[in-house]
Amino acid sequence: MVIGILGILFSLVFLIYFVIKGWPLLIIGAVASMIVCIFNGISVTDGYLTTYMNGVGGFLIGQLPIFLWGAVFGEIYGTSGAASSIARGVSNIFRGKHDKLTPLATILIVFISGLLLSYGGVSAIVLMFVMTPLTLELCRESDIPRYMVPGMILGCIATSALAMPGSPQIQNVQAMWYLGTSSMAAALPGFIAGTLILFLNVMYLNTAAKKEIAGGHTFETTVGAEAASTDKELPNPLIALIPMVVVFVLFNAFKINVNFALMVGSILAIAIFAKQLKGLKDILKALENACTNACVVSCQAGAVAGFGSVVAITNSFAIFSKKLTLINGPALLIAMFALMVMTLICGSGPAGLGAGLPMFTPTFQSLGVNMNAFHRIASFSATTFDTLPTNAGYIAANEIAKTNARQSYKYVGICTVLNTTIGTLVLTLLCIKFPGLC
C-alpha cells in the first residue's frame, strides 16, 4: 500500500509540475496515469487504453452538455457585448464621479460582475474568456499588476460562485444529481461560508495590490493581450440581465435541468441581442467558438478525470479511502476531509465529486448524515483543491491574460485553495453545531 500511495503522490506532483511548465494535459494526464499503474502493479496497457480512456469518456458523457451550453450562453454574452455591458454598468456605479478607480473598487467590480454572471448561468470556464479582457482594462486603469488578474477572476468565480446555494454551476449541480437534493440545500450555512470566502479574498487581493503598487509593480501592457471591445454599441445593462434572470429562475424556481435552462437562456439572448450580433454570420461564429472552447476545456478536464479513474481502481487507494471513513470524529468533518482528498487526487472538483460521491454517500447515509448538509459540504470541498496549477480555468486565464504560473499562482492559490478551505471548514462546523440550519 505504501509504495502504491507514494506512486499516486509522485504522479500527482509530476502532473502539476509539467502542466506548470506548459505541457498539454491530455499527454501529461496519460503519462501520470501510467506512472500510477507501474507503482500499483496494474497493466499499463489496460490502465491507459481501458481505465484512463473510460474515465475521460465517462467525464465527457456526463459533463460535456453543461460545458457546451454554458459555453454557448457565455459566447453569446461575450460576442454581443452583454457581459461587458453588465460589468461596465457595475463599474460606473463604483466609479461615481471619480476618473480613476482605486484597487479596491476594481476588485469589487470584478467580484460583483463575476457573481452576477456566474449566478446567471455563464460557466466558470467561459467566464475566463468573458471576464479577462474587462479585468485587464480595469487593472490598467487602477495600476494593479497584470499577474494578479487570474487571482482576481478565479477568486470570485472559482470559489463561492461555484458552491453557494442556487448556483447553476457544476459543483452545485453535480451534488444535486447524486444526492437528490435541491439547489438550495443548506442555504443559510452555504451563504454564510460563501460570503466569508469572498470577504477574505477581497481583503487579501486589496492588500496585495496596494503592496505591489507601493513596490513599483504596476500594470504592464502586452501587445495583443487586450481584446475588450470599446467601439461596440453595448446593450443596456438591465436588459442584458434578462436572459440570466430567466436561467436562474428556470433552474432554481421551476427545477428545469440546467442544460435546458441554458438552452432557453441562449435562445432568448440571441433574440434580445440580435442588433449587437449583427446577423446569422456572427451567431454561427459565436456557436462555432463555443463548441471549440467547450471541447478543448472539457477534454482537459476529462484528462484529469481519467487520471482520477486510474487512481480509483488501485488497491492502495481503496484501502486509503476506506480508512478515511473510519477516522473517529464528527461524520460531516470526515466527509469534508474525504471529499477534499478526492478533489486533490483527482485534480478537479467535478472529477473529485464524480469519484467521491458514489464512493462515500452510502457510508455517510448509513451514519445518518443530513444529505442537505452533505450536499453543501461536498460542493464547497470541491472548490478547495480544484484550482491547482492543473486547473483548466487557471490555464485558460494565464493564456488569455498573457501571464505565467510563476508570478500569478500565488494569488490564485491563496484565494482558491487556502481561503476556500477556511470557508469549507466554517461551513462544516456550522452544519455540525447548528443542524437545524440545514
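These numbers were taken from a predicted model, which means no experiment stands behind them.

Caption draft 1: Representation of the overall build of the protein within the structure. A count of helices and strands for the protein gives 21 helices and zero strands. Radius of gyration (C-alpha) of the protein: 21 Å, near the 22 Å computed for a compact globule of 438 residues. Principal-axis analysis of the C-alpha atoms gives the protein an extent of 60 × 50 × 45 Å. For the protein, the residues scored as buried account for 56% of the 438 residues in total. Partitioning the contacts of the protein with sequence separation of at least 6, the portion at a separation of at least 24 is 80%. When the accessible surface of the protein is summed, it comes to about 17,400 Å², and 69% of that surface belongs to carbon and sulfur atoms.

Caption draft 2: Representation of the nonpolar core within the structure. Judged by nonpolar contacts, the single largest core of 135 residues is most densely connected at Tyr-77, Met-128, Met-148, Leu-205, Phe-273 and Phe-374. Setting aside chain neighbours within four positions, we find Phe-374 in contact with Leu-179, Leu-332, Ala-335, Leu-339, Leu-357, Thr-361, Phe-364 and Val-369.

Caption draft 3: Structural detail: the packing of helix H17 (residues 331-346) against helix H19 (residues 371-381). H19 packs onto H17 with a crossing angle of 35° between their chain directions and a minimal axis gap of 9 Å. For the crossing formed where H17 meets H19, the hand is right-handed. Here Leu-332, Ala-335, Met-336, Leu-339, Met-340 and Thr-343 of H17 come into contact with H19, specifically with Ala-373, Phe-374, Ile-377, Ala-378 and Ser-381. Here the residues of the contact of H17 with H19 sort into nine nonpolar, two polar and no charged.

Caption draft 4: Broad picture of the pattern of salt bridges. Going through the model one piece at a time under the given rule, you end up with one salt bridge. For Lys-275, the salt bridge identified is with Glu-233, shortest N-O distance 3.0 Å. With a gap of 42 residues between them, Lys-275 in helix H14 (residues 274-277) and Glu-233 in the loop between helix H10 (187-214) and helix H11 (237-240) connect regions that are remote in the sequence. For the pair shown, Lys-275 and Glu-233 are each scored as exposed.

Caption draft 5: A look at the packing of helix H3 (residues 44-80) against helix H15 (residues 280-312). At a minimum axis separation of 6 Å, H3 and H15 run at an interaxial angle of 150°. With respect to H15, the axis of H3 lies roughly antiparallel. In this structure, the crossing between H3 and H15 has a hand that is right-handed. Across the contact of H3 with H15, the residue classes tally to 21 nonpolar, ten polar and one charged.

Cut-offs and rules
- Residues numbered from 1 in each chain as written.
- Predicted model: local features only at pLDDT ≥ 70, side-chain atom pairs only at ≥ 80, totals over all residues.
- Heavy atoms only, no water.
- Helix = DSSP H or I, 4+ residues; strand = E, 2+ residues; numbered from the N terminus.
- Rg over C-alpha atoms; globule rule 2.2 N^0.38 Å.
- Buried < 20%, exposed > 50% of the residue type's maximum accessible area, 1.4 Å probe, protein only.
- Contact = heavy atoms within 4.5 Å.
- Areas by Shrake-Rupley, 256 points an atom, 1.4 Å probe, with all protein chains shown as cover.
- Core = buried A, V, L, I, M, F, W, Y, C linked by side-chain atoms within 4.5 Å.
- Axes fitted to C-alpha atoms, helices over the stretch in contact; angles between N-to-C directions.
- Left-handed = near helix turned anticlockwise from the far one by under 90°.
- Nonpolar A, V, L, I, M, F, W, Y, C, P; charged D, E, K, R; others polar.
- Salt bridge = Lys/Arg side-chain N within 4 Å of Asp/Glu carboxyl O.
- Parallel < 35°, antiparallel > 145°, perpendicular 65-115°, else oblique.

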